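So the chains spell out like this:
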Amino acid sequence: MFQPRPRITRHRSTRRVARWLCVGLWLAAGSVPAQTLTLRVGVYDNPPKYQAGESGEPSGILGDLLQEMARQERWQLEPVPCTWSQCLDWLASGHIDLMPDVALTQERSQRFAFHQTPALLSWSQVYEAPNVGLTSLLDLAGKRIAVLSGSVQQEYLQHLADSFHLTVRWIEVATIEEGFDAVVNRRADAVATNHFLGDQMAHATGLNPSPILFQPSKLYYATARGELASVRNTIDRYLLTWQANPTSPYFDILRRWGIEQDKSRIPTAVWWIMGALAAALILAMALGQWLRRQVSARTRSLRVVEHRLNTILDSVEARIFIKDRDLRYQYANENVCRSIGQPLDNIIGQQDTAFFDADSCAAIRRNDLRVIEQGERVAEEEHVSVQGSHEQRIYLSVKLPLRDDEGNVYALCGISTDITDYRRIQDQLHQLAFFDPLTDLPNRRKVLDHLRQILSVAGEREGALLLIDLNNFKSLNDTLGHEVGDQLLQQVARRLEHHVHTHGIVGRLGGDEFVLVLHDLDTDPRNAALHVHHVALRLLAQLAEPFTLGDVQHITSCSIGIAMFSDARGSADTLMKNADLALTDAKTTDRNTLRFFNPSMQTEMIRRSRIESALRQALAHGNELQVYVQPQFDGARQCVGMEALLRWHNTSLGWISPADFIPIAESSGLIVELGHWVLRQACATLARWQHLPYLASLTLAVNISPRQFRHSEFVNQVENCLHEFRIEPSRLELEITESLLIDNVEQTILRMNHLRSHGIRFSMDDFGTGYASLGYLKRLPLYQLKIDQSFVRDLMDDNNDEAIVRTIIALGRSLDLQVIAEGVETAAQLERLQRLGCHHFQGYFFGKPAAIGEWEARIGGEIPRH
């Protein structure tokens, strides 16, 4: 039952007007958005909060959150399409079990059961057709307003309109889309909905958001009363855990749906509210003048309105209050009492010093005096702590002067909305947007923003960008696990921070790559470069010191690429590219070193870029690439096979060496497509040779790069070629290198065994130059070892090379593998290899690589002998 409140004895009618003003202000200002189980889930369209996905599954923010919970709890979600009102009726009747996106109202609390922690904060807004001109709730009089049937917006607005005796024509619709369509087609003047969907629909349909914001609400997942209590408890547990962790799925989903704002700015909608407050104040003051003239005739009516007014003010979530010139409370709604923790009788007549700590009181008093003494309208954030509480709450407070008939300020009216949760979410989203969650260092976006600011004011002073890449970090992750890898990254971050002083910024770009920006250095580039060089050397030494990773002492190293500000001419992107080129050079030349950028790197990068572009064109058209072959001979100097070698002639660049374009194809990923093209050409050649008696017994070897071999479609591609060209698999030989054995050896062995089961042969190319383990070597289904030509080249002069060749031949014999030597160019090399026990050869002594047709003709005639 309503209990009368103590009244202000002076200016009694004016104080009633003040309460009217608070209602109008609040209506215009609104609030800032604060075992396998099968669940039948109602699905209706209200994006982006909730909607049906491509397959009809629950989607949107609340849908994705429910999907993640279901995945972890192993719930089976059964989507049930329905309209909004159907969904609520079916939930009450038990046709569905769970309904997301339900705002808690008194009426709904009697029909449904809710969990405790809100899943999402929302508010509602009115969107109008152009030229309608809504500025406050009173402007709804005589208008046609579209509302979703059975929605909280309909219930709330109808209640307010009835309370203020406003005649409004309500256009009930089944979906919000119908509501916006009604406005667009002039069947309604405005539509009311939540701001998530409203902003999207308004943008798409050309409607304008009005200043009328209302009904801040908390959204829940609802069940039928008395049902699924364990599900609601589980939802609460996930929400409490996720909302406390900025790296949780909760914030990932919010970001995916675009719920992110800049911390440093109050949202634009709030400033619209401020403008609307002024209009509402003028209207309310005019209304107050009229009410004072009618007060004697309408005392009874005002009492009824006062009762309604207090009911409304006590039902809202904003803190609404009135203070006199001595800053003593003369009126406070229920929300003020709840936030302070005192009954109304203990608040009236007291100042803020009775309730809040000294810092809070000082800030509040400064704002209050601006209103009382200078007549200003104040809109500020206020950080408030209640005495005896360690929690600080943040309020967006709007305070307005109340004036008597002579224009003198006799009190202030304040509306304070709790935005603590809203600010906390903004802080967390800002942290996710600009900082690396693992190391707490600035991320790429933040570093680039800082870098652009520094370059814009650098002037004559030098600076440098250092890119730092950890060597062999992937091996650490693969051997000790990602948790240990994360520990290393965190400790590296701390050591780098130790080197950052006033004029430096450290950040993490991603993976195992860090960045250090040094600025405000010497104006002499040479002195600045020397200083940067000393810093980089110290970093190399520091990062080479052992890291304690749990029970493991780990030693790592890094490569550093450096670019000076003067090389970038004020461009942050150019500076980053230059440092990246220098880092690539450092990693290629000698790991655990540093390199400064120089223009020749840019020239080389341009050349590589031209080759990559031309190679893409060559692959697209296929008329520039050719497959050459080079014969392989046995000890009787009989041709026993060929090796396919790729050649490329470009109309602009001429003949391009494989030593130039193969590494570029590897780094750009084109090697997969290029290797597949060569494989098809080789299989087509073998298919043709099968019908030529003098070629039918030859094998054809094809080089396979590690990246091509690891591609998910590689095995299927080889099998498809065998089937398409109908070739004898034993005639196809795949040459691999020892680098294939560095990563994921077990998967490599499985793939090789699978292809070997078809009859395909494998040869280990460039054997002796890599890092193959003998333990793995004996498990590989190899047919042949290929002695690298670097050992054959100096065989006659270098005892070490001869010892290596002898060892490879002995290893091949012990593993029952054929051994072939490549790069045989002289009779003396051939003779020495034969004496050492090698019986298969390839090289210029027997023939140079040539077009397939040329070698087919030569073998069909007479095989050259030396």
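Residues numbered from 1 in each chain as written. Predicted model: local features only at pLDDT ≥ 70, side-chain atom pairs only at ≥ 80, totals over all residues. Heavy atoms only, no water.

(A) Main features of the overall build of the chain. Helix and strand counts for the chain come out as 31 helices and 33 strands. For the chain, with 866 residues in total, the buried portion stands at 52%. In the structure as shown, the chain presents an accessible area of about 40200 Å², 48% of it carried by carbon and sulfur atoms. (Helix = DSSP H or I, 4+ residues; strand = E, 2+ residues; numbered from the N terminus. Buried < 20%, exposed > 50% of the residue type's maximum accessible area, 1.4 Å probe, protein only. Areas by Shrake-Rupley, 256 points an atom, 1.4 Å probe, with all protein chains shown as cover.)

(B) Quick peek at the sheet that holds strand E22 (residues 558-564). Strands sit in the order E18-E19-E17-E22-E23 across an open sheet of five strands; the sheet is mixed. Among the strands making up the open sheet, the edge pair consists of strand E18 (504-510) and strand E23 (594-596). Pairwise comparison of adjacent strand axes, ignoring direction, gives a mean angle of 20 degrees for this sheet. Of the strand pairs in this sheet, strand E17 (residues 464-470) and strand E19 (residues 513-518) are connected by six bridges, and their pairing is antiparallel. Within E19, the position partnered with Ile468 by the bridge is Phe514. (Pairing = 2+ DSSP bridges. Axes fitted to C-alpha atoms, helices over the stretch in contact; angles between N-to-C directions.)

(C) Representation of the pattern of salt bridges. Going through the model one piece at a time under the given rule, you end up with 36 salt bridges. Of the charged contacts in the structure, one is a salt bridge between Asp478 and Lys474, with a shortest N-O distance of 2.9 Å. Here Lys474 and Asp478 lie together in helix H17 (residues 473-480), a separation of four residues that amounts to about one turn. When the shortest N-O distance is used, the salt bridge between Arg779 and Glu746 registers 2.9 Å. One end of the pair, Arg779, is in the loop between helix H27 (774-777) and strand E30 (784-787); the other, Glu746, is in helix H26 (residues 745-756), and 33 residues separate them in sequence. Overall, Arg779 belongs to the partly exposed group, its relative accessible area being 39%. Residue classification places Glu746 among the partly exposed positions, given a relative accessible area of 41%. (Salt bridge = Lys/Arg side-chain N within 4 Å of Asp/Glu carboxyl O.)

(D) Representation of the sheet that holds strand E14 (residues 378-385). Strand order across the open sheet formed by five strands is E13-E12-E16-E15-E14, with antiparallel pairing between neighbours. Each of the sheet's edge strands pairs with one partner strand only, and the pair in question is strand E13 (329-332) and E14. Between one strand axis and the next, the sheet turns by 30 degrees as a mean value, whatever way the strands run. Sheet contacts for helix H14 (residues 358-374): strand E12 (319-324), E14, strand E15 (392-403) and strand E16 (409-418); angle to E14, the most-contacted strand, approximately 155 degrees. (Contact = heavy atoms within 4.5 Å.)

(E) Summary view of helix H25 (residues 714-725). With 12 residues, H25 extends 17 Å between its outermost C-alpha atoms, agreeing within 8% with the 16 Å of an ideal straight helix rising 1.5 Å per residue. For H25, the elements touching its buried residues are helix H23 (670-689), helix H24 (706-710), strand E28 (732-736) and H26. (Expected span 1.5 Å × (residues − 1).)

(F) Representation of the state of the cysteines. Counted by the stated rule, this structure contains one disulfide. The disulfide bridge from Cys82 ends at Cys87, spanning 1.9 Å between sulfur atoms. Between Cys82 and Cys87 the sulfur-sulfur dihedral comes to about 85 degrees; the bridge is accordingly right-handed. The burial state of Cys82 is the same as that of Cys87; both residues are buried. (Disulfide = S-S within 2.5 Å.)

(G) A look at the packing of aromatic side chains. Going through the model one piece at a time under the given rule, you end up with 14 aromatic pairs. Ring centres of Phe709 and Phe714 lie 5.3 Å apart, and the angle between their planes is 45 degrees; on these two criteria the pair is classed as tilted. Just as Phe709 is buried, Phe714 falls in that class too. Here a set of aromatic residues connected by ring pairs shows up, and it is made of Phe321, Tyr329, Phe355 and Phe356. The ring centre of Phe547 lies 3.6 Å from the NZ or CZ of Arg495, which sits over that ring. Over the aromatic face of Tyr783 sits the side chain of Arg761, whose NZ or CZ is 4.1 Å from the ring centroid. (Phe/Tyr/Trp six-rings, centres within 6.5 Å; stacked < 30°, edge-to-face > 60°. Lys NZ or Arg CZ within 6 Å of the ring centre and 35° of its normal.)

(H) Region of the structure containing helix H29 (residues 799-814). End to end, H29 covers 22 Å across 16 residues, agreeing with the expected 22 Å (1.5 Å per residue, within 8%). Where H29 begins, one side-chain oxygen reaches toward the backbone nitrogen of Asn800, 2.8 Å away; that side chain belongs to Asp798. Looking at the residues trailing H29, positive phi occurs at Asp816, about 60 degrees. (Polar contact = N/O pair within 3.5 Å; in protein donor to acceptor, adjacent residues only side chain to side chain.)

(I) View of the side chain of Gln125. Turning to its location among the elements, Gln125 is positioned in strand E7 (residues 120-128). Residue classification places Gln125 among the buried positions, given a relative accessible area of 7%. At 2.9 Å, the side chain of Gln125 forms a polar contact with the backbone oxygen of Ser210. Ignoring anything within four residues of it in the chain, the contact list for Gln125 reads Val191, Ala192, Thr193, His195, Asp199, Pro209, Ser210, Ile212, Leu213 and Phe214.

(J) Region of interest: the packing of helix H2 (residues 60-73) against helix H9 (residues 249-256). Between H2 and H9, the shortest axis-to-axis distance is 10 Å and the interhelical angle comes to 150 degrees. When you trace H2 past H9, the crossing you get is right-handed. Across the interface between the two elements, Ile61, Asp64, Leu65 and Glu68 of H2 pack against Pro249, Tyr250, Ile253, Leu254 and Arg256 of H9. Looking at the contact of H2 with H9, its residues break down into six nonpolar, no polar and three charged. (Left-handed = near helix turned anticlockwise from the far one by under 90°. Nonpolar A, V, L, I, M, F, W, Y, C, P; charged D, E, K, R; others polar.)

(K) Looking closely at unusual backbone geometry. At the junction of Pro47 and Pro48, the peptide bond is cis and its omega measures out at 0 degrees in the coordinates. Considering the arrangement of structural elements, one finds Pro48 in the loop between strand E1 (37-43) and strand E2 (51-52). In this model, Leu327 sits at a positive phi of 60 degrees, which is unusual for a non-glycine residue. One can find Leu327 in the loop between E12 and E13. With a phi close to 60 degrees, Asp520 is a non-glycine residue in the positive phi region. Along the chain, Asp520 falls in the loop between E19 and helix H19 (525-544).

(L) Looking closely at the pairing of strand E8 (residues 144-148). Where burial is concerned, most of E8 is hidden: four out of the five residues are buried. After leaving E8, the chain enters helix H5 (residues 152-163) and then returns to the sheet as strand E9 (residues 169-173), a path that is right-handed. Pairing geometry for E8 and strand E10 (residues 190-194), over two bridges, is parallel. From the neighbouring strand, Ala146 faces E10, where its bridge partner is Val191. (Right-handed = clockwise from strand over helix to strand, strands pointing away.)

(M) Looking closely at the confidence of the model for the chain. Put simply, the chain has an average pLDDT of 85, and 88% of its residues get 70 or more. Low pLDDT, under 50, characterises residues 1-34; the stretch is placed with 101 contacts to residues that sit more than four places away or in other chains. Scored below 50 in pLDDT, residues 277-282 makes seven contacts in the model with residues more than four places away or belonging to other chains. (pLDDT = per-residue confidence, 0-100.)

(N) View of the packing of H23 against H25. It is at 10 Å that the axes of H23 and H25 come closest, and there the two elements cross at 25 degrees. Regarding the angle of H23 to H25, the classification is roughly parallel. The handedness of the crossing between H23 and H25 is right-handed. Two secondary-structure elements touch here, H23 through His676, Leu679, Arg680, Cys683, Ala684 and Ala687 and H25 through Gln717, Val718, Cys721, Glu724 and Phe725. Here the contact of H23 with H25 is composed, by residue class, of seven nonpolar, two polar and two charged. (Parallel < 35°, antiparallel > 145°, perpendicular 65-115°, else oblique.)

(O) Fine view of the environment of Trp257. Here Trp257 is to be found in the loop between H9 and helix H10 (268-293). For the pair formed by Trp257 and Ile61, sequence separation is 196 residues and the distance between their alpha carbons is 6.7 Å.

(P) Structural view of the side chain of Thr685. Checked against the element boundaries, Thr685 lands in helix H23. Setting aside its immediate chain neighbours within four residues, Thr685 contacts Leu700 and Ile852.

(Q) Local environment of the pairing of strand E29 (residues 761-767). With six of its seven residues buried, E29 lies for the most part within the structure. Summarising the sheet, E29 and E30 pair through three bridges and their orientation is parallel. The residue of E30 that forms the bridge with Met764 is Leu785.

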